[in-house]
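Structural characterization, general
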Amino acid sequence: MSGARERILARVRHGASRRAVPPNPPASSPTVAASFADFGDALAAVGGTAHGPLPLSTLPGLVEGALPIAARSGRRVVEATAAAWLPTGGWEVLDSNVDPCSLADVRVAAVRGTLGVAENGAVAVLGRDAPNRAVLFLAEHLVLLLEAGSLATDLEAAFRSLPPDALHAHHLTWISGPSKTADIEQVLVMGAHGPRTLQVIGVETEG
C-alpha cells in the first residue's frame, strides 16, 4: 500500500515540476466600423431591414413605406417614447401596464431602441422605452426607431456603452432580426415564435 502511495506522490511531484503552458490568447473580434451602413449589412444577414439614416421630420412617411403591405392595416400600437417621434394618427399609444394577453392581435408595433451593434445587427431595447415587453414578441411586424449615431462596434463595446440605469426598468432585450427557427428538419422558418419582420429605422435627430 505504501509503495502505491509513493508512486502516486512521485507522479504528482513530477507533474507539479513541469512548466505550465500558458493558454492561447482569446481570439479577437473582427474590426467592424460603427457605421449605420455596416449595422444595416449585419441586420440584413439575419433577416431584418435597416432604413436611413434620415431626418426626424421624414420619419412618418418612411415608416409607412418600410412596412410590408400586409402590415399597413390591422391593429397598430406604439410605445410612448416612440410616439414622441412618430405622429400617432392611426396608431394606438400603449399605457405602461397593459395586460400582455391584450396584445395578441397586434399587427404592427413601433418601439424606441437605445443602441445598435454593427457587428451583428442587434438592437438594445430598454424597459423604460418598452415597458410592455410582450409586444416585442407578439406583434406580427416590429419597427424599432434608433438614433443613427447610437451604435457600438461589437456586443462587448455595446454593453459598456449602455446607460448606467439600463436595468432599472425591469428588462434589457437584445433584438437581432425577426423571429426565426430551424429546429424542424433544419429548415429556416421566419416568424415562428415572434415578429415575421423587423424594420430598424435610423433617425437623425434635429436641433
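Structure: see above.
A brief report on the enclosed structure follows. Nothing here was measured: the structure is a model prediction, and the numbers come from that model. (Residues numbered from 1 in each chain as written. Predicted model: local features only at pLDDT ≥ 70, side-chain atom pairs only at ≥ 80, totals over all residues. Heavy atoms only, no water.)

**Considering the overall build of the protein chain**
Regarding its fold elements, the protein chain presents six helices and twelve strands. Split into buried and exposed, the 207 residues of the protein chain put 40% on the buried side. Accessible surface, the protein chain as shown: approximately 11400 Å² in total, 56% of it carbon and sulfur. (Helix = DSSP H or I, 4+ residues; strand = E, 2+ residues; numbered from the N terminus. Buried < 20%, exposed > 50% of the residue type's maximum accessible area, 1.4 Å probe, protein only. Areas by Shrake-Rupley, 256 points an atom, 1.4 Å probe, with all protein chains shown as cover.)

**Digging into the pattern of salt bridges**
The final tally for this structure, using the stated rule, is eight salt bridges. In this structure, the salt-bridge partner of Asp105 is Arg75, at a minimum N-O distance of 2.7 Å. You can see Asp105 sitting in the loop between β3 (92–93) and β4 (106–112) and its partner Arg75 sitting in strand β2 (residues 75–78), a full 30 residues away along the chain. The salt bridge partner of Arg160 is Glu156, with a shortest N-O separation of 3.4 Å. Residue Arg160 and its partner Glu156 are located together in helix α6 (residues 155–161), separated by four residues, close to a single helical turn. (Salt bridge = Lys/Arg side-chain N within 4 Å of Asp/Glu carboxyl O.)

**What to know about the environment of Ser150**
Within the element layout of this structure, Ser150 appears in the loop between β7 (141–147) and β8 (151–152). On the basis of relative accessible area, Ser150 is assigned to the buried category, the value being 19%. Separated by 34 residues in sequence, Ser150 and Gly116 place their C-alpha atoms 6.3 Å apart.

**Things to note about helix α3 (residues 59–66)**
When α3 is considered as a whole, its buried residues turn out to be Leu59, Val63 and Ala66. Summarising the axial view, the buried residues of α3 lie within an arc of 75°, below the 170-degree limit, and thus occupy one face. Residues of α3 that are exposed and angled more than 90 degrees away from the buried face: Gly61 and Gly65. The inward-facing, buried residues of α3 contact β1 (49–55), β7 and β12 (197–204). (Arc of directions from axis to C-beta. Contact = heavy atoms within 4.5 Å.)

**A look at the packing of aromatic side chains**
Enumeration according to the criterion identifies two aromatic pairs in this entry. Relative to Phe39, the ring of Phe36 lies with its centre 5.5 Å away and its plane at 40°, an arrangement referred to as tilted. Separated by three residues within a single helix, Phe36 and Phe39 lie in helix α2 (residues 36–45), roughly one turn from each other. The exposure class of Phe39 is buried, given its relative accessible area of 0%. Its guanidinium or amino end placed over the ring of Trp85, Arg112 lies 3.7 Å from that ring's centre, counting from NZ or CZ. (Phe/Tyr/Trp six-rings, centres within 6.5 Å; stacked < 30°, edge-to-face > 60°. Lys NZ or Arg CZ within 6 Å of the ring centre and 35° of its normal.)

**Details of the sheet that holds strand β9 (residues 172–175)**
Read from one edge to the other, the open sheet built from four strands follows the order β8-β5-β6-β9, with strand pairing classed as mixed. Both edges of this open sheet fall to β8 and β9, since each of them pairs with a single strand only. (Pairing = 2+ DSSP bridges.)

**So, the nonpolar core**
In this structure, Phe39, Val111, Val125, Val135, Leu142, Leu144 and Val200 are the most contacted members of the largest nonpolar core, which totals 23 residues. Elements represented by at least two residues in this core include exactly α2, β4, β6 (123–126), α5 (135–138), β7 and β12. Look past the residues within four positions of Leu144 in its chain and what remains in contact with it is Val111, Val123, Val125, Ile175, Leu198, Gln199, Val200 and Ile201. Membership of the second largest hydrophobic core comes to 17 residues, among which are Val63, Trp91, Ile201 and Val203. (Core = buried A, V, L, I, M, F, W, Y, C linked by side-chain atoms within 4.5 Å.)

**Brief notes about the environment of Arg72**
With respect to the helices, strands and loops of the structure, Arg72 is situated in the loop between α3 and β2. Residue classification places Arg72 among the partly exposed residues on the basis of a relative accessible area of 42%. In this structure the C-alpha to C-alpha distance between Arg72 and Arg107, which are 35 residues apart in sequence, comes to 8.5 Å. Excluding anything up to four places from it in sequence, Arg72 contacts Glu64, Gly65 and Leu67.

**Things to note about α2**
Every buried residue belonging to α2 is among Phe36, Phe39, Gly40, Ala42 and Leu43, and all of these are buried. Buried residues along α2 cover an arc of 165° about the axis, so they all sit on one side. Exposed positions of α2 whose direction lies more than 90 degrees from the buried face are Ala37, Asp41 and Ala45. At its buried positions, α2 is contacted by β1, β5 (115–117), β6, β7, β8 and β12. Gly47 occupies a position one or two residues after α2 and carries a positive phi of about 100°.

Everything listed here is a matter of coordinates, which is why it stays silent on function.
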